[in-house]
Amino acid sequence: MNTFSLKVIACDRVFFDGRCEQVVLPLHDGEKAIQAHHENMVFAVEIGEIRITDEKGEEIVGVTGTGFAQIINNRAMVIVDTCESPEEIDVRRAEEAKERAQEQLRQKQSIQEYYRSKASLARAMSRLKVGKKDRPTGY
């Protein structure tokens, strides 16, 4: 079994620290899967879903904020501003944040406000995508 060391660090805690088979990270232009013996590199991580397959084959899912990832010598480190597991996501709050961001995008804004609203919408959409998985309907 090919595994590598992975550490996912958010500003308030360590989300994951251990060995894994694969990690899939959100990028500006899609997703990037990292497996054992990946070439050394550094790249930017965007807001979206992170999927980690640990050494037992179990999948750990979360929502990341922006940051970067570094792969060196079969060790990966992901440093992001936030990282939440599905259990930590308040779906109702994420729905409200989505609606607020959509309304702000409809308003005339400065460029800075526009990008801030787009980032808020992306965070809310990612939280809803991950937060609604495996939950009973009616949430």
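All of these numbers come straight from a predicted model, not from anything done at the bench.

Notes on the layout of surface pockets
Taken as a whole, the largest pocket holds about 350 Å³ of empty space. Every residue lining the largest pocket is counted, 13 residues in all, and those nearest its centre are E46, I47, K118, A119 and A122. Counting residues per element, the lining of the largest pocket draws most heavily on helix α2 (residues 111-131), at five residues. Partitioning the lining of the largest pocket into residue classes produces five nonpolar, four polar and four charged. The space that makes up the second largest pocket amounts to roughly 210 Å³. Lining the second largest pocket are 14 residues, and of these R93, A94, A97, R100 and R127 sit closest to its centre. Taken together, the residues that form the lining of the second largest pocket break down as five nonpolar, two polar and seven charged.

Notes on the side chain of E84
Tracing the backbone through its elements, the reader meets E84 in strand β9 (residues 83-84). Residue contacts for E84: discarding those within four places in its chain leaves R13, F15, V61, G62, V63, I89 and R127.

What to know about the pattern of salt bridges
Here the structure, examined in full by the defined rule, presents six salt bridges. The closest approach of N and O atoms between R13 and E88, which form a salt bridge, is 2.7 Å. Here E88 lies in the loop between β9 and α1 (91-106) and R13 lies in strand β2 (residues 13-27), a separation of 75 residues in the sequence. Residue E103 is joined to R106 by a salt bridge in which the shortest nitrogen-to-oxygen separation is 3.1 Å. Residue E103 and its partner R106 are located together in helix α1, separated by three residues, close to a single helical turn. What makes R106 exposed here is its relative accessible area of 59%. Because the salt bridges share partners, they merge into one network encompassing E31, E49, R51 and K129.

Cut-offs used in this document
Residues numbered from 1 in each chain as written. Predicted model: local features only at pLDDT ≥ 70, side-chain atom pairs only at ≥ 80, totals over all residues. Heavy atoms only, no water. 1 Å grid on protein atoms, 1.4 Å probe; cavity = no way out; pocket = protein on both sides within 12 Å on 5 of 7 lines; lining within 4 Å. Points joined across faces, edges and corners; volume = space filled by probe spheres on them. Helix = DSSP H or I, 4+ residues; strand = E, 2+ residues; numbered from the N terminus. Nonpolar A, V, L, I, M, F, W, Y, C, P; charged D, E, K, R; others polar. Contact = heavy atoms within 4.5 Å. Salt bridge = Lys/Arg side-chain N within 4 Å of Asp/Glu carboxyl O. Buried < 20%, exposed > 50% of the residue type's maximum accessible area, 1.4 Å probe, protein only.

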